[in-house]
Protein chains: 2
Amino acid sequence: MPNVRLRDVAERAGVSVRTVSNVVNDFAHVAPATRERVHRAIDELGYRPNFAARQLRQGRTGVISLVVAEIDSPYFAELASVVVRVAESRGWDVHIDQTDGDPDRERRMLSGPLGQQVDGVIFSPWALAPAELTQRAPSTPLVVLGERQAHGQVDHVAVDNVAAAHAATAHLIDSGRQHIVAVGLQPHLSNETALLRQRGYHRALAAAGRSPDPRREIAVERLHRSDGAQAVARLLQDGTTFDSLFCFTDQLALGAIRALADQGLKVPDDVAVVGFDDIEDGRYAVPSLSTVAPDKRQIAEVALQLLEHRIQDPAAPVVDFVAAHELLIRQSSSPVTINPRDAGVS
Amino acid sequence: MPNVRLRDVAERAGVSVRTVSNVVNDFAHVAPATRERVHRAIDELGYRPNFAARQLRQGRTGVISLVVAEIDSPYFAELASVVVRVAESRGWDVHIDQTDGDPDRERRMLSGPLGQQVDGVIFSPWALAPAELTQRAPSTPLVVLGERQAHGQVDHVAVDNVAAAHAATAHLIDSGRQHIVAVGLQPHLSNETALLRQRGYHRALAAAGRSPDPRREIAVERLHRSDGAQAVARLLQDGTTFDSLFCFTDQLALGAIRALADQGLKVPDDVAVVGFDDIEDGRYAVPSLSTVAPDKRQIAEVALQLLEHRIQDPAAPVVDFVAAHELLIRQSSSPVTINPRDAGVS
DNA sequence: TTCCTAGTTTGCAACGTTGCAATACTGTCT
DNA sequence: AGACAGTATTGCAACGTTGCAAACTAGGAA
């Protein structure tokens, strides 16, 4: 009998439907005896409030959703995990939705059925243009993670990608690396995050009086480990000289390290590698991976706070929050003590 | 104006509410002219069907959910990703929900609001006892992944853990390893999966005429990399001799490899390592990780098929499906060609 | 012309819940 | 005794949709 209704409980307890509703919702003025009787009827019948009816009536669900492109990408998985925990602690239930970077599905998450099942959405866009995000004004409250936003149009949380990439590159320069390759451009996606990291990389080079070299800026299709491995393969094949890699994600970096190992190149001795994201794999990789660590906890907390704010007051001014990050230097880019030669590869 | 209703569209198009509903639902007998007019009104007003009302009326949502303990565990993340893609291709939308292994939250996913927002649940239980799963008969259609089930009470998909663990252990024996340590028991959780893998390990030992040794069976708190690293630390500290590890998950194995590297032990030369799950990290790790690969695609497809079946016919007989697996031998356990000594560690 | 059929459109009711506001009850105070 | 305050309980309507079955239209067959 999945269909026990308020009405059935009411009949059984000998009270009105409304009284049962009052009991269920902990309304103040219910006589203890009545409350007791209703509770017993509820237990006996196994009553469960119908969620759809409730939502229809009051227009709220108590659920928010987190929309990401790929849940099997460790950065998103780890971030999702934190978001769920933070939200849980504040009384929200959380759905995670995966779009595979498909624009249709991204759209659907915002305005389709799934967007309607929730009171708000934390969204890490991939394919959807900023314009689309903002013109859907009438829809669900929204907070955007990562770059790719229409500045000042939607609440937004991200690290300072330029500064972070600058720091990572500067660290390689300071450790005496001469030929630093940037891995992770995505010209085909007009991926704003990649552009910002590239800019930070350029600025660090410029600050050291070096000029960028197109051969040392590698584009990738996606951001998986295989793309990082391919990037290294291409470098070696083209005969480009390099002694260090700044990879725009840890996954790229781990794939690159793997490819380097296959070629007998040592990390960090021959090639230093720095990634971005601080995923767990990197901490336990051999060698452990230097990386830029965004403060995931802060990102999750602020995103949720902004979303709650937005739900409460849809007209509040838009917030653009810059989350903290930290450069973690581990083995993959530690200064080489013995034989610190300028290990080139032709 | 988020509140455009069927009624508003009807007024604008000069037809009845019912006709608009017919158009929205692609009912056959609607005059082309009318349909056209209604569509225009819909576009002009930006009408979106109210999902809650629809669900209330027809009792279906078109959404299923996948409930896992930890979405940041790569195995679950990868599996989730596949499930979402398969479901998507069959016209379902999918929510992913994370419980952190909290029994309350696991329960809530099944019978609480979230359970009601969906037509069915694919559930990878952690803390919830089998009994609880089955006694909630009146609730959402359910398919259980992984072991820990009440056999024959709920539809269920899992690999043959005993056979898989047997194969992994036998492989180590066949490559000449003498002291094989099993890492990943979880006595505190009565984790059935771990028990089955332990059984397979025992049987392989027995088949080779060896007897199990409690010192070579390491319990862990959780299944993270850090637990694998700790297990190795404990072995070394206790002075237990070993030349190979069979880790019950890839994460444990990767943590173990990391700890071995820190101690200057070479994999596979000094210690061979085999994991379980075939997560992407293992494929790109240095050295690449040998592992038991469950057929995730098959698991996802069968689980979904069973769920659809169950939704359609709640009274159908219960199915227990054994998914395929494969032992993938990579670098971490490849027979050592040069100097294949029995590298012991005291 | 009338009847019938197929095509088109519609009104009514109901899904299960809660907001609103009215009513009934109890006891206290004047 | 009557008025009043507060507590307890209730009926009605509405949230936005779709199932049902009736009603209306036109066109062709009898």
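Residues numbered from 1 in each chain as written. Chains lettered and ligands numbered in written order. Predicted model: local features only at pLDDT ≥ 70, side-chain atom pairs only at ≥ 80, totals over all residues. Heavy atoms only, no water.

S.K.: Would you mind going over the sheet that holds strand 10 (residues 290-294) of chain A in detail, with residue names and values included?
M.R.: Residues and elements named next belong to chain A. Read from one edge of the open sheet, 6 strands run 7-6-8-9-10-12, paired in mixed fashion. Each edge of the open sheet carries a strand with a single partner, namely strand 7 (217-219) and strand 12 (325-328). Direction aside, the axes of adjacent strands within the sheet are offset by 15° on average. Bridge count for strand 8 (residues 244-247) against strand 9 (residues 272-276) is 3 bridges, and the pairing is parallel. When the bridges of strand 9 are listed, Leu245 appears paired with Val273. (Pairing = 2+ DSSP bridges. Helix = DSSP H or I, 4+ residues; strand = E, 2+ residues; numbered from the N terminus. Axes fitted to C-alpha atoms, helices over the stretch in contact; angles between N-to-C directions.)

S.K.: Describe the protein's contact with DNA strand C, with residues and values.
M.R.: Around DNA strand C sit 24 residues in total, of which Arg18, Tyr47 and Arg57 of chain A together with Thr19 and Thr34 of chain B are the nearest. Here the atoms of DNA strand C within 4 Å of the protein split so that 65% fall in sugar or phosphate, with bases taking the remainder. Ser21 of chain A places a side-chain nitrogen or oxygen 2.8 Å from a phosphate oxygen of DNA strand C. Between a phosphate oxygen of DNA strand C and a side-chain N or O atom of Thr34 of chain B, the distance comes to 2.6 Å. (Near = heavy atom within 4 Å. Polar contact = N/O pair within 3.5 Å; in protein donor to acceptor, adjacent residues only side chain to side chain.)

S.K.: A description of the sheet that holds strand 12 (residues 325-328) of chain B should follow, citing residues and the corresponding values.
M.R.: All names here are of chain B. Strand order across the open sheet formed by 6 strands is 7-6-8-9-10-12, with mixed pairing between neighbours. Two strands close off the open sheet at either side, each with one partner strand: strand 7 (217-219) and strand 12. With direction set aside, neighbouring strand axes in the sheet form an average angle of 15°. Bridge analysis of strand 9 (residues 272-276) against strand 10 (residues 290-294) gives 3 bridges, and the strand direction is parallel. When the bridges of strand 10 are listed, Phe276 appears paired with Val292. In the packing of helix 9 (residues 161-174) onto the sheet, contacts are made with strand 6 (180-185), strand 8 (244-247), strand 9, strand 10 and strand 12, and the angle to strand 9 comes to roughly 170°. Helix-sheet contacts for helix 11 (residues 225-238) involve strand 6, strand 7 and strand 8, and the interaxial angle to strand 7 is about 130°. (Contact = heavy atoms within 4.5 Å.)

Honestly, it's all geometry; don't read function into it.
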